[in-house]
Every structure is written in structure tokens, then in C-alpha cells.
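One letter stands for each residue in the lines below.
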2 protein chains.
Amino acid sequence: MIRRFSYGTVFETEAVLDKPEAQRGALPYFDVDPKRRALTCRMDADAVVYGLGENVRGINKRGWIYESRCSDEPHHHEDKRSLYAAHNFILFDGRERRFGLFVDYPGILTFDVGFTDASVLKITAADWNLDVYLIEGADNRDIVWQFRRLIGRSYIPPRWAFGVGQSRWGYQNEADVRAVVRSYRSLRLPLDMVYLDIDYMERYKDFTVDRTRFEDLAALSEELKAENVRLIPIIDAAVKQEDGYPVYEEGKAKGYFCTREDGSLFVGAVWPGRSVFTDMLNPQARAWFGRQYKALLDQGIEGFWNDMNEPAIFYTEDRLAHVLDEISKLKETNQNLDLEAFRRFTGLFGSLSHNPEDYQAFYHTVGGQRVRHDRVHNLYGYGMTRAAGEAFEQLEPRKRILLFSRASYIGMHRYGGIWQGDNKSWWSHILLNLRMLPSLNMCGFLYTGADLGGFGCDATEDLLLRWYALGVFTPLMRNHAAYGTRDQEPYRFSDIDSFRRILGLRYRLLPYLYSEYMKAALRGDMMFRPLAFDHPDDPRCRTVEDQLYLGAELMIAPVYEQNAAGRYVYLPEDMTLIRYTAGPDGDGAFVREALPAGDHYVPVPLGDVVFFLRKGRCLPLAEGGQCVADVDFENLHMLACDDAQPYEYYHDDGVSRDYDNPRNIRWLRA
Amino acid sequence: MIRRFSYGTVFETEAVLDKPEAQRGALPYFDVDPKRRALTCRMDADAVVYGLGENVRGINKRGWIYESRCSDEPHHHEDKRSLYAAHNFILFDGRERRFGLFVDYPGILTFDVGFTDASVLKITAADWNLDVYLIEGADNRDIVWQFRRLIGRSYIPPRWAFGVGQSRWGYQNEADVRAVVRSYRSLRLPLDMVYLDIDYMERYKDFTVDRTRFEDLAALSEELKAENVRLIPIIDAAVKQEDGYPVYEEGKAKGYFCTREDGSLFVGAVWPGRSVFTDMLNPQARAWFGRQYKALLDQGIEGFWNDMNEPAIFYTEDRLAHVLDEISKLKETNQNLDLEAFRRFTGLFGSLSHNPEDYQAFYHTVGGQRVRHDRVHNLYGYGMTRAAGEAFEQLEPRKRILLFSRASYIGMHRYGGIWQGDNKSWWSHILLNLRMLPSLNMCGFLYTGADLGGFGCDATEDLLLRWYALGVFTPLMRNHAAYGTRDQEPYRFSDIDSFRRILGLRYRLLPYLYSEYMKAALRGDMMFRPLAFDHPDDPRCRTVEDQLYLGAELMIAPVYEQNAAGRYVYLPEDMTLIRYTAGPDGDGAFVREALPAGDHYVPVPLGDVVFFLRKGRCLPLAEGGQCVADVDFENLHMLACDDAQPYEYYHDDGVSRDYDNPRNIRWLRA
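If you're wondering where the values come from, they're calculated on a predicted model, not measured in any experiment. (Residues numbered from 1 in each chain as written. Chains lettered and ligands numbered in written order. Predicted model: local features only at pLDDT ≥ 70, side-chain atom pairs only at ≥ 80, totals over all residues. Heavy atoms only, no water.)

Visitor: Would you take a moment to explain the overall build of chain A for this structure?
Guide: In terms of regular secondary structure, chain A is built from 14 helices and 39 strands. The C-alpha radius of gyration computed for chain A amounts to 25 Å, which stays within 12% of the reference 26 Å derived for 670 residues, consistent with globular compactness. Dimensions of chain A along its principal axes, counting C-alpha atoms only, are 75 × 65 × 55 Å. Residues counted as buried form 68% of the 670 residues belonging to chain A. Counting only contacts in chain A whose residues sit at least 6 apart along the sequence, the fraction spanning at least 24 positions is 73%. Separation of charge centres in chain A, based on 81 positive and 98 negative side chains, amounts to 2 Å. (Helix = DSSP H or I, 4+ residues; strand = E, 2+ residues; numbered from the N terminus. Rg over C-alpha atoms; globule rule 2.2 N^0.38 Å. Buried < 20%, exposed > 50% of the residue type's maximum accessible area, 1.4 Å probe, protein only. Contact = heavy atoms within 4.5 Å. Lys, Arg positive; Asp, Glu negative; His and termini not counted. Charge placed at Lys NZ, Arg CZ, Asp CG, Glu CD.)

Visitor: Just to check I follow, could you spell out the interface of chain A and chain B for this structure?
Guide: Often, the extent of an interface is quoted as the loss of accessible area upon association of its parts. On the side of chain B, 61 residues touch chain A, which itself brings 61 residues to the contact. Carbon and sulfur atoms supply 57% of the area buried between chain A and chain B, which totals about 5,400 Å² over both sides. Where chain A touches chain B, the interface holds 4 salt bridges. Taking the shortest distance from any N to any O, the salt bridge between aspartate 458 of chain B and arginine 81 of chain A comes out at 3.4 Å. Inspection of the region where chain A meets chain B yields 26 residue pairs in polar contact (both at pLDDT 80 or more). (Buried area = accessible area lost by both parts, 1.4 Å probe. Salt bridge = Lys/Arg side-chain N within 4 Å of Asp/Glu carboxyl O. Polar contact = N/O pair within 3.5 Å; in protein donor to acceptor, adjacent residues only side chain to side chain.)

Visitor: Just checking my understanding: could you explain the packing of helix H8 (residues 339-350) of chain A against helix H8 (residues 339-350) of chain B for this structure?
Guide: The relative placement of two packed helices is expressed as an angle between their axes plus a distance between the axes. Two numbers describe how H8 of chain A lies on H8 of chain B: the axes approach to 11 Å, and their chain directions differ by 145 degrees. In this structure, H8 of chain A meets H8 of chain B at a crossing whose hand is left-handed. Residues Phe345, Thr346 and Phe349 of chain A of H8 of chain A touch H8 of chain B, and the partners they reach there are Phe345, Thr346 and Phe349 of chain B. Residues belonging to the contact of H8 of chain A with H8 of chain B are distributed by class as follows: 4 nonpolar, 2 polar and no charged. (Axes fitted to C-alpha atoms, helices over the stretch in contact; angles between N-to-C directions. Left-handed = near helix turned anticlockwise from the far one by under 90°. Nonpolar A, V, L, I, M, F, W, Y, C, P; charged D, E, K, R; others polar.)

Visitor: Help me out: how do you make sense of the domain arrangement of chain A in this one?
Guide: You can read the domains of chain A as domain 1 (2-151), domain 2 (159-237 + 286-309 + 377-507), domain 3 (318-350) and domain 4 (512-668). The C-alpha-based centres of domain 3 of chain A and domain 4 of chain A are spaced at 57 Å. (Domains from an automatic or database assignment.)

Visitor: Sorry, what's going on with the relation of the copies chain A and chain B here?
Guide: Here the second copy of the chain follows from the first by a rotation about an axis and a shift along it. Taken as rigid bodies, chain A and chain B are interconverted by a rotation of 180 degrees and an axial shift of 0.0 Å, the fit giving an RMSD of 0.0 Å. What the superposition gives is, in effect, a two-fold axis relating one chain to the other. Minimal C-alpha distance to the rotation axis in chain A is attained by serine 328 of chain A, lying at 3.3 Å. Taken as a fraction of all interface residues of chain A, those also at the interface in chain B reach 100%, which identifies the copy contact as same-surface. (Least-squares fit on C-alpha atoms with pLDDT ≥ 70 in both.)

Visitor: Can you walk me through helix H2 (residues 174-186) of chain B in this structure?
Guide: Owing to its 3.6 residues per turn, the α-helix brings residues three or four apart onto one side. Residues and elements named next belong to chain B. Here H2 is 13 residues long and its end C-alpha atoms lie 18 Å apart, about the 18 Å a rise of 1.5 Å per residue gives. Along H2, the residues that are buried comprise Glu174, Val177, Val180, Val181, Ser183, Tyr184 and Arg185. Those residues of H2 that are buried are in contact with strand E12 (164-166), strand E13 (193-196), helix H3 (217-225), strand E14 (230-236), helix H12 (461-471) and helix H13 (496-523). Once H2 ends, the next one or two residues include arginine 188, with phi positive near 55 degrees. (Expected span 1.5 Å × (residues − 1).)

Visitor: Mind showing me how you'd approach the side chain of glutamate 73 of chain B here?
Guide: All names here are of chain B. Following the sequence through the fold, glutamate 73 ends up in the loop between strand E5 (64-68) and strand E6 (85-86). From its side chain, glutamate 73 meets the backbone nitrogen of histidine 75 in a polar contact 2.8 Å long. For glutamate 73, the residues in contact, after removing those within four places along its chain, are Lys80, Ser82, Leu83 and Tyr84.

Visitor: Any chance you could explain the nonpolar core here in plain terms?
Guide: Note that soluble globular proteins tend to have their nonpolar side chains buried in a common cluster. If you look at the biggest cluster of nonpolar residues, it comprises 493 residues, and the most contacted ones within it are Phe345 and Phe612 of chain A together with Phe345 and Phe612 of chain B. Discounting residues that sit within four places of it in the chain, phenylalanine 612 of chain A has contacts with Glu553, Leu554, Met555, Ala557, Val569, Leu571, Met575, Thr576, Leu577, Leu595 and Val602 of chain A. (Core = buried A, V, L, I, M, F, W, Y, C linked by side-chain atoms within 4.5 Å.)

Visitor: Teacher, can you tell me more about unusual backbone geometry here?
Guide: The phi torsion of most residues other than glycine is negative, and most of the peptide bonds are trans. Following glutamate 310 of chain A, the chain continues to proline 311 of chain A via a peptide bond in cis, the omega torsion being -5 degrees. Looking at the secondary structure, you find proline 311 of chain A in the loop between strand E18 (303-307) and strand E19 (315-316). You will see that glutamate 14 of chain B, though not glycine, has its phi angle at about 60 degrees, which is positive.

Visitor: What is the right way to look at the pairing of strand E13 (residues 193-196) of chain A in this model?
Guide: Looking along a regular strand, one sees the side chains alternate between the two faces of the sheet. All names here are of chain A. With burial as the criterion, each face of E13 is covered, one bearing Met193 and Tyr195 and the other bearing Val194 and Leu196. For the crossover from strand E12 (residues 164-166) across helix H2 (residues 174-186) to E13, the handedness is right-handed. A crossover connection joins E13 to the parallel strand E14 (residues 230-236) through helix H3 (residues 217-225); in handedness this β-α-β unit is right-handed. (Right-handed = clockwise from strand over helix to strand, strands pointing away.)

Visitor: Explanation requested: the sheet that holds strand E25 (residues 448-449) of chain A in the structure shown.
Guide: To summarise the sheet geometry, strands pair through backbone hydrogen bonds and adopt either a parallel or an antiparallel arrangement. Residues and elements named next belong to chain A. Spatially, 9 strands are ordered E25-E24-E22-E18-E14-E13-E12-E27-E26 in an open sheet, and the strand pairing comes out parallel. Since the sheet does not close on itself, it has two edges, and those belong to E25 and strand E26 (451-452), each with one partner. Of the pairings in the sheet, the one linking strand E22 (residues 402-405) to strand E24 (residues 417-419) comprises 2 bridges and is parallel in character. From the neighbouring strand, serine 405 faces E24, where its bridge partner is isoleucine 418. Together, E14, E18 and E22 form the strand contacts of helix H10 (residues 380-395), whose direction differs from that of E22 by roughly 170 degrees. (Pairing = 2+ DSSP bridges.)

Visitor: Looking at this structure, I do not really get the sheet that holds strand E2 (residues 31-33) of chain B. What am I missing?
Guide: Residues and elements named next belong to chain B. Spatially, 5 strands are ordered E2-E3-E10-E9-E5 in an open sheet, and the strand pairing comes out antiparallel. Each edge of the sheet is formed by a strand with only one pairing partner; in this case those strands are E2 and E5. Recorded for the sheet is a direction-independent mean angle of 15 degrees between the axes of neighbouring strands. Of the pairings in the sheet, the one linking strand E9 (residues 109-113) to strand E10 (residues 120-125) comprises 5 bridges and is antiparallel in character. Its bridge partner lying in E10, phenylalanine 111 is registered against isoleucine 123.

Visitor: Can you help me understand the environment of histidine 364 of chain B in this one?
Guide: Residue and element names in this part refer to chain B. Turning to its location among the elements, histidine 364 is positioned in strand E20 (residues 363-366). Overall, histidine 364 belongs to the buried group, its relative accessible area being 0%. As a C-alpha pair, histidine 364 and proline 603 span 239 residues in sequence and 56 Å in three-dimensional space. Residues contacting histidine 364, with those up to four places away along its chain left out, are Cys258, Asp279, Met280, Leu281, Gln369, Arg370, Val371, His373, Val376 and Tyr380.

Visitor: Can you help me understand the pairing of strand E36 (residues 618-621) of chain B in this one?
Guide: Residues and elements named next belong to chain B. Residues of E36 alternate between two faces, with Cys618 and Pro620 on one and Leu619 and Leu621 on the opposite face, all of them buried. Bridging between E36 and strand E37 (residues 637-640) involves 4 bridges; their strand directions are antiparallel. Looking at E37, one finds that proline 620 is bridged to methionine 638.

Visitor: Explain the pattern of salt bridges here, please?
Guide: Side chains bearing opposite charge may pair, as long as their charged atoms lie close to each other. Counting across every chain of the model gives 114 salt bridges over all chains. A salt bridge links arginine 386 of chain B to glutamate 14 of chain B; its shortest N-O distance comes to 2.9 Å. Residue arginine 386 of chain B is found in helix H10 (residues 380-395), and its partner glutamate 14 of chain B is found in the loop between strand E1 (2-7) and E2; the two are separated by 372 residues along the sequence. Glutamate 302 of chain B is paired through a salt bridge with lysine 399 of chain B; the nearest N and O atoms lie 3.1 Å apart. Linking glutamate 302 of chain B in the loop between helix H6 (294-297) and strand E18 (303-307) with lysine 399 of chain B in the loop between H10 and strand E22 (402-405), this pair joins segments that are 97 residues apart in sequence. Overall, the relative accessible area of 8% leaves glutamate 302 of chain B in the buried class. Its relative accessible area of 23% is what places lysine 399 of chain B among the partly exposed residues. Residues joined in a network through salt bridges with shared partners are Asp72, Asp307, Glu310, Arg406 and Asp422 of chain A.

Visitor: In this structure, what is going on with the packing of aromatic side chains? I would like to understand it.
Guide: For any pair of aromatic rings, the description rests on two quantities: the centre-to-centre distance and the angle between the ring planes. Residues and elements named next belong to chain A. Inspection of the entire model under this criterion finds 103 aromatic pairs over all chains. Seen from their ring centres, tyrosine 155 and tyrosine 447 are 6.5 Å apart, and the 75 degrees between their planes marks the pair as edge-to-face. Placement of tyrosine 155 in the loop between helix H1 (140-151) and E12 and of tyrosine 447 in the loop between helix H11 (428-442) and E25 is noted, with a sequence separation of 292 residues between them. Judged by relative accessible area, tyrosine 447 falls into the buried class, the value being 1%. Both rings, one in tyrosine 512 and one in tyrosine 647, keep their centres 5.6 Å apart while their planes meet at 50 degrees; by these two values the pair is tilted. With tyrosine 512 in helix H13 (residues 496-523) and tyrosine 647 in strand E38 (residues 647-650), the pair connects residues that are 135 residues apart, well separated along the chain. Neither tyrosine 512 nor tyrosine 647 differs from the other in exposure class; each is buried. Here the guanidinium or amino end of arginine 159 rests over the ring plane of tyrosine 514, the centre of that ring lying 5.3 Å away. (Phe/Tyr/Trp six-rings, centres within 6.5 Å; stacked < 30°, edge-to-face > 60°. Lys NZ or Arg CZ within 6 Å of the ring centre and 35° of its normal.)

See the structure below:
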């Protein structure tokens, strides 16, 4: 049962497709305090609070304070409160109370989940204009199903987007891209996508290509597609302010960019330098921005990643001028800075980027009304990705286009996926990658994954091998790294056989992974679930933070500690351990071991992938291949337990949008 | 067997007391490449590399590159290469090779432990003037014993320093300090020390007291000592440059400060603003600096912590002037910074603090020779703490003075302990705290601990409870937090009973902890050992990174995951689980459970402390107390296994230096 409670004058986010009538009564479970703009609820000691999508910390969000404030935050530390997204859904699983709560509110929202007081959940909004949806149901999965029905079907990518992607900020030209493909293909490392970061654009101008470095993108795209590799360019949120640049000129002429209070263009500096920001909340501006993607579609491009759409602002001119002035003053008055002056200096510097005041300095125009940006801040990335997604429905009605975003809000899940942002080459980020999966799935984000090997900092070979052993299961499987970090393509390291075997496993699992993805998307289900969702009466499961169920068939439990020879695993029920390891011929082989319910220490040598098949279950395996097009989705081998029930297999052409055709489903016997 | 190999002209660090003759032959196990200034050694796949003291990552240091470059580094992330210390000792434990290696070298040194190539250990020095000690022995402990004998006996603090300390950057005045003591005492939370951070000084001038905020430090010290609480003030490395400030004037007159190439004083800005740096490598300057502590000893102070002695330099005047000039130019030429200009601007800002060029800009005078600082950089904190330690031997020959430092080099362990630096309120830093313990112990640093609750960022109650459950075992047990972070004294939270019980456990364990500390110090042993040291033939032990042996009796295995209800523990042999928990009267009670060797999941509710008693062992427990002086070290209760062997109990007056008196040892029966 879903009930909507409405407070103040609500800004329409379109997160929810079909809004139920607002209730007149009081919101159950919570103290509602409009004066403090707060919802407060007591938590019993063993209540678990799930949700909040893309965030730091555990699957259980208790013990920290989170802020929905889409931020360009490259430091995913335990103490951060915001990453790139605003996913305002929690699932409260207590002894006496169980409910989902979605706060549909586009401004800054905090969730104090037992940070200030370990036994209190307190949600505070920046202003008192919000819709609150309370969802009650039979169990956690039922609540999630209801919520997902409320917010609509999740984005579905083309099937080739389940292949392996290689990316790096720093592939500067066609030769760099060809070298990547050649390295993969010559070493028989499977590959489906090469990503283009900002390097491909002409001076970081959206929808342009630097012809001095990418002479003919259409030809390159065609050449690589003949090798079953697709190019996936990045699109940035900000549009370079440059006279004669058609996107800028047209957007300005049509009034599609955000403006200051006085109506002048709002200018902030991002990668292209001076830039303007398309009014992604204005439907006409959105439609116009979406049509710009055609420039790349026409060159054979079939997928995009939308970046910097929190939106990130390195600095605004006014603020920079202010900072430079203040620094000059400091210099004049006090060459020998005292500590206070030095602190003021460092504070000034720190205030330059992503300054909250800058987000208060510009306006959107929605339905003829001007809306100050900070009040709807969390909708920007959503709007940008919606712009693209809606355009693709027009421009390519019969073809799925790959699309995912950095910033997001619930509702955006209908238009694209997300990657988990600019993580680091840290062992702890393998675990963070895993923990975000069920939280994101609850909120509708299914096409997701982290930058394997880590974006910032330097990767090591063992880190990448271990991370891939999780990444083979995530819908988005991409190795990506930042400019200036150590090269981390698998072929940069020595144990090519292990990389080949692990990447190869991905392609053997593809029929299953794609089928599970599609069923989750079409049915509003989670692809990855915390163990407790399936074992509500097992208290141990409520605390497991490093294992997940994948579909009804698998449990995953990757190794995420350096120099570990294995790891502990808790089995809530008897399972079959599946080890994918080097067989006698050097290729991958599946080795099985039946394990009883309970605790186990499982040895996992570097290069092995271990997962667990649930009792009575089976799943289809392909022979593998060098790319998704190679994979035979029809002639399947079944990986099965004794007495396995048939597997419900979803299979379609992987390209068209005929998702609901009943012929896409069939039952496979073990 | 210890062999010394000497290359180039070695700077005498006095890390080693009695240097063996240098060998003429080749260094075994390594390729020595003077041209690349490198020592290279292959590592078999399962070799473990221990050591490197205060550092990030695991007990096994494989898979990263570490740099000995004492740094004011408040971000103890996985990807850092340097913290505050230079502990150039490794213990290589391979299938075919086992050795200790100490590189006695005061400059910048890197240890690439399988970062670049997973199978290669490569040690590279900034110049080719170094002593290398190769130590071979029967087993890991034997190698450590030999090494510790080489570098001399570890520092021994007064026994009261094993009590609980409370600290915060931000106790501004006498009232703040009294409020801390009152809060502890009124809630019956035991306490022995309150630390004074930089707030107590007059404008951050060493050896001064701000009389407007601390009207009479001697009286306050006396008043608190009557309550068995000692004040422990901080001493910073840098001396304020201020005319009329006697320390500055005298040091300048005597030529005891570091100078630039032209002989002028080297000035850098730290907390006091413009500051000068005592030449801690010059024995006269060191003796003079050490004598300054008398100003505080004379006010009843009996302990100090030496800070900012890497040394930290926020900026130098020249560099600041350069940065301000460059920023002015940017402003003039290009109000609208393009991306390159903006990057230059941020780069300029980032270059201000701890700039390597600044460390090349000043000189020490040693034996009449001038030595550029960067070549001996890692000796500065060592010299400062040695200055204090040597002075205390003169000023207080019959009394131990508490002393520990932030920066250190091997050799400094004879003069003081270290705290583990400016960590954060992160769950991962509980584990880092544990992992550093054996690494530090190998290098001679026994009096150590981390800032419990975390220095930077905001602590939560559960974090502090879990961290204390490790902290009760570390010799230095101090809660410390940074200015601006959430208050984290235990009385700021709600579950006072649990805090009282856990802090109380510390005082019940004191006879054992003090005895173990003293035996480790006097015998060159480790107080905390990796499990593999005791079970060299158990391969599982080689990978255990979150459990340690404490003495011969205990194994510790703290919980370090938020919202965990327990943890996995590996027992290499049968043990007795000891759970310290709330008894029927609310006080602490020991509950025992025999566990067989193997893997166990152990429930550990928040507020419990769990540890493991080894078979055939017993240990003494006191009744506890509100302070160390309360604890009865004579009438002891034995916590014992069946058939326990007697416990070798070290007990002395805890104050004087009569360490080796045989009457300090006796055998206690279970």
C-alpha cells in the first residue's frame, strides 16, 4: 500500500509517474515538524535502514548522516555525506515497523540515520515543500516492488553494453584507441566498447570532435564496429561559451540556458573554460539539448555517458574575481601572513569550486516560472539524461542506445543507468562497489557498475584481478582511470592468462546476466539483493555487508582485501561453491564443491572467481566469445544443482524495444 | 647473525648503538645497483614482507610502494606512500629466504614491495650513502630480537601513562580542562591524563603558557594531580620568530637554528606564524632545546608530546611571495582563467605547504659540516625527541617522564614513543591502528596507540565503543580529536555504562599490560605479534591481518565494521574466548567459552570486549580503579586456563629507572 503525504507547494519532479491522491491524515511512524522541516522516527536497536542509493558506507545505512546534494565528489571517503546522486528512498526494516519512504523533493535533504542519536532517524529538508510516499508491504521485496511500480520501468541498454568496456581519461587520438583494441584482440582479451573521455572533443565543446586527433570519427566507428567494438563518447553538462559555436549560439538565441537573477546568462567555468548551462528543467530546452546528440549518432555512435551534470562548476567569474582581489589585498597588507590570514587565504581558495552560493545564483524557467537552482539542484543530471533518453526515443525508435550518467535523481532511472562515479584504486572501493549495488537497485538503477581498477590513484595487478572478480557480475563492466594515474588496462600487467580467463567468464555468464537484468527491469525487481531479503528470519543475514544474492540463483562474495588467500562466507542455506579457475588446458574450468549452510573460510587464489549456486537452481552458460556478438545465446550449457528447477530464461534480440513480447521468456531445464 | 654493508659516505644517524664492522663481500639476496641507487630482490609468490613501522596498508606490506619521507600527512589513505615516520626495517619471510633488512639512511628512501612488479622488491635511495644491515636468524622473532639488540632498548614511560588519556585540540582554558576531569570523575569514568594541545601556549610559543587562559599552570597541575590526573602539554618543533621571546633570542644568539645557504636564519610559517627551526642534529642545539622543557617540568608537568616535527612547514615567505606574485599576474593577464591558467593557479596553491624545495633550502651543522636538510630530513623528529629525552635524564634522573612524538626514525624509540598521527573517525582506521602495532613493535616503538575515536572527521558513539575495545590493549590509550570536529569524549554519548565498563577493563588489565610492556622493552621483544610469528607452519596465519597476539597469553580480534554484530576469528589452536560484558549488577563480568582451533563467527554486541586466552596460559587481573594510582598491583586475580603454567609477572614502582632489578620479576600461579 502506497500513501502520499504532501507538504507545502511541491515542485513536480516527475519521479513518480502516476501520483496517488494526497492523504489528509498524519504520516504514520514519524513526528512531522514543519517548523524544523523535519520528519523524525525512533529506531529499535536492531532495525536495519536500507536505501539511499549511491552513497558511502554500508548496505545498512545506520550510524551516519547523508545529504542529498548532487556533488562532484572524487573522494568517496567514509566521512562524506554526499556523492553525485540524490536517491531519497529508504527501506526501514525494524522489529515492529517495516516501511519504505520516498521523499520526492528536489532540494537539499539530509538523512540523519542515527548519527546524532543512535536511536533516531531524522530527515530534514531545506524548505517545506515535499511529497512523502509511505509504502507498506508484506516484506522488503514487496515494498521495493511497489516502489518500483510507482516510479516506472528502469532503463534497458542494448545487450552489447553488457560486454567489457575499456576507458581512460587520456586516450588522446585515433591511434590510442586503435592501440587499445589491438592489444585486447591480439591477446584474446574480450572487448565490446572503448570509451572516449573529454579528450576527443574540440576544446571540450559538446557534440564536436577534434579533427586533428580524430580525423574521421564516423570512419573509426565503422572500422571498430567491424571488430565488434563500439566507441562510447562522453558528453559534459556545460556548453562552452564561444561565439560561432553553433550549440552555444542556438541555445542562447532560443533562451535555453540558465540565467542570473537579472536575466543575463549564468557563466561558470568547467572543462571548456567559460561555459553556460542548459536549462534541463525546461522541456523545450531539454528537447533541444537531446537533439544535439544526433551529431554523434549520425557518425555511427550508439552510446554515451553524461558527465559533470551535478552540475560541476570549477569556479564562476565573480567568485574568482573576488578571490583574486582578496588575495591581492592580503599581499598588499601582509606579505608575512599570520596564521589567521593564511587560513583566510586557504579558505578563499577552497571556496572556489562547487560553491553553494553559486548554485543560488542562477535560475531555471519551468512552466513560465523562474526557479532558483539550489531549490531544484538535484534534478539537473536527471534532466540532462532525460533530454538524451527522450531524444533517442524519437531519433532511434527501433534501437536501444547506451546511456548512463554521473549525477542522478530517482526518475532518471527510466532514461539511463549510472556509473558509481570517480572512485579510487582502493581495496575498500571494491567493497563500496558491492554495497552500492542493492541500494541502487532499490531506487531503480539497474545498469550500473564502478570504475574497475579505480579511477583516481594507482592500481596494482592484484587489485584489478580481485576487482574484476566482482565486476564480471555487474551490468556495467568497465575499466576506467584518471589522467595521470598508472596505466591499468589488463594488458599492462603480467598475468594475462588470468585476465583472459576472468574477462572470458563474463561472456560465458552473459545469457544469465542479461536474462536477470531484463527480468529485474521488466518486473521492478532487484538484480542484487542483501541476503536478509531472502531470509528475513535469519538475524545473521541482517549484518552481512559483503555478500549479495544475484537473481534467484547466485550468491556473490568477492575478495576485497589485499594479500588475502581467501575469505569468510556465510551461507544461510546449503549451496554449491562454483570456482572458475585455470583448467588443465589453461582455459577456464568450473570446479564445484557442495557446502552446508553455515560459516566457511573459502580459499580464493588470485585469478580465481568464486560464487555460489543456490539449492534447486540452475543457470545457463554460453561458450563465451571475444565480444557479445560472438556469444551464442541459444546453445547453452546449464550449470545446475541436483534436482534443479527449470530456469526462467529471458532472451530477445538485444537491440529492439519489444521487451514485453511473451516469446522472450522460456524455461530451461538443467 | 647481523652483517653490515656500507655504501658511500654514511651520515651517522646513531640509530645503531654498536656498529659491526662493514663487510667486504656482496650483500646476499639482493642485486645492488649503485648507479640506480637500488637494491633489488625477487619475491616468491607467498613470501610475506613485514615491517616499515608506521605506514598505511596491511601487516604484510606487499603490493604497494612506500616512501620514507616524514610528512605532516593527515590523510591516511590506502594510496599514501608516506606518513610521519621513516622506519626502514623490513622482515622478509619467504619460502627460501628469511632475513631482516635495515637501511640506515636519513634521506628519502622508497620501498617498492611488488607495486611495479608483483614479484620484485626494490629499495631505492635518493643518494648512494647508506648502511645496510642484513639480519638472519632461526625465525622471525629471532631476527627481531637481534635487530632490537642492535638498536638498543625501547623507551619506558611512567606507569601512570598506561592509564586513560583525554585530549582535544580545543581545550581552551583551565575551565575546559576542569570540565573534562569533572565529567570523567562524576560519571566514574576512569582517567589519568588530560592532554593540552596548542591552545595552552601564548600565541603558539613553545615553553610558554597563555596566562589569560591558563592563569596558573603549576597550580592547576597540582590541583589535578591531587585527583590523580596529569596534564600533558604539546611541544611543537618550530620556534616562533619574535623579538624578545627568550627561546628565540637565545637560540638565535647561540646559532642553534637552521640557516639558509647564505647563513641567514631559515624562516617558515607554522602555527606561530614566522618560525625558526632548531638544528636538532647539532648536539649543542639539541641539549639547549631539551633544557627548555624545564620551564614546564618546573610547573609540575611530567609528560609531553612532540608535534609537527617532520618538520611541518605551512609555507615559507619566499614561496608565498612567489605564489602571490604569480596569482597577481594571472589576475592581470587573464581575469577569465582558462582551464590551463586555473590549473596553474590551483597548482600554485597546492605547492605552498611541505614543499620539497623548501626542505632543500636550509642546513644543519653537524660536526662543523653543513648538511642540507633534505639529505637528513628523516632525523628531525628523532632529534627533537632525543633532545627532550636526553634532557630528562639530566633534569629528572630518578623519574620517568612521559614522552612521545609524531615524527620518528629508528633510534628515536630509545627516547620516546609515538602516536599514530592525525588519523580520522573512520572505521577503516580501527583496523589500521591494529595493523601498525606489530610493524611498529619490530622497529622498537612499543609505547604507541592511535587517536581513539579518530582525530579528523566526526565520530559516532558506536565507532568510539568499538575503537576503545581495541584501545584498551594499546600502551598509549588516548581519545583525541581535531578542532571543529564533533565532541567525542565518552560522556558526550548516551551509553555511559558501556564506556565505564570498557575503560574500567583497561584498569583491570593494567598489571598484565604493564608487565608485558616492560618485558618486551627489556628483552627486545614485540608486545604485539602477527599470528604467523607463533605458527610459522600454518599458512592461514600468514594472511591474518585483523588479529594479533599480545604477549604469550592473549589474542586480540576487535570488531572494526559498523553495524556488525560480531566477526570471524581464526584460532590456530584451541583457545578460551573471554568476553567482558555487563554482569547482573551492571558492572563488568568475564564470561568464558572454550573454543576449538579453527574458524569461528563470534557474536560481539556493541559494548562487549572479546579476547582470547591461549591454552596453558594465565594472566593477572586487578580489581580496577579510577586511575592508575588506585590500582592494586599486588592483590591480583588470575584469569586462567586449565593447567595453566605460571605467569612471569614484571612489577616495579612504575616511576624510577631501576628496570633491571631482578626483584621486579616473579612468577604467579593460576
